[in-house]
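Overview (structure and organization)
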Amino acid sequence: RDLPAALTEPARDSPAGTFPTLEAVEWRHIRQALDAAGGNQTQAAQMLGIDRVSLWRKLKRHEAKGGA
């Protein structure tokens, strides 16, 4: 009950009864941090507890997979 809904509810685009992938949860978390930081990647990385380069790599990896 202490887990966020993103981890306890099935993803909207997943078959009923399945959980979102770790990658989907990670991407949602990254987007939330970027939104909270007003798009500032350095601040978002700090919020996420990772360095800016790691965040940049995750963004590029998602972009390469056709993400928004």
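Our structure's up above, just so we're on the same page.
One structure accompanies this document, and this report is about it. The structure presented is a predicted model; accordingly, all values stated were derived computationally and were not measured.

Considering the packing of helix α2 (residues 22-36) against helix α3 (residues 41-48)
Look at α2 against α3: their axes get within 8 Å of each other, and the N-to-C directions meet at 125 degrees. Relative to α3, the element α2 lies oblique. Our pair here, α2 against α3, has a crossing hand that is right-handed. Within the contact between the two elements, α2 uses H29, I30, A33, L34 and A36 and α3 uses Q41, A44, M47 and L48. Across the contact of α2 with α3, the residue classes break down as 7 nonpolar, 2 polar and no charged.

Details of the pattern of salt bridges
This structure, assessed with the given rule, holds 4 salt bridges. A salt bridge links K58 to E26; its shortest N-O distance comes to 2.6 Å. With a gap of 32 residues between them, K58 in helix α4 (residues 52-64) and E26 in helix α2 connect regions that are remote in the sequence. Taking relative accessible area as the criterion, E26 reaches 25% and is therefore assigned partly exposed. With a closest N to O distance of 3.7 Å, K60 and E63 form a salt bridge. Placement of the pair is K60 and E63 together in helix α4, with a separation of 3 residues, close to one helical turn. In this structure K60 comes out as partly exposed when scored by relative accessible area, which is 37%. One network of salt bridges, in which partners are shared, links E26, K58 and R61.

Criteria and thresholds
- Residues numbered from 1 in each chain as written.
- Predicted model: local features only at pLDDT ≥ 70, side-chain atom pairs only at ≥ 80, totals over all residues.
- Heavy atoms only, no water.
- Axes fitted to C-alpha atoms, helices over the stretch in contact; angles between N-to-C directions.
- Helix = DSSP H or I, 4+ residues; strand = E, 2+ residues; numbered from the N terminus.
- Parallel < 35°, antiparallel > 145°, perpendicular 65-115°, else oblique.
- Left-handed = near helix turned anticlockwise from the far one by under 90°.
- Contact = heavy atoms within 4.5 Å.
- Nonpolar A, V, L, I, M, F, W, Y, C, P; charged D, E, K, R; others polar.
- Salt bridge = Lys/Arg side-chain N within 4 Å of Asp/Glu carboxyl O.
- Buried < 20%, exposed > 50% of the residue type's maximum accessible area, 1.4 Å probe, protein only.

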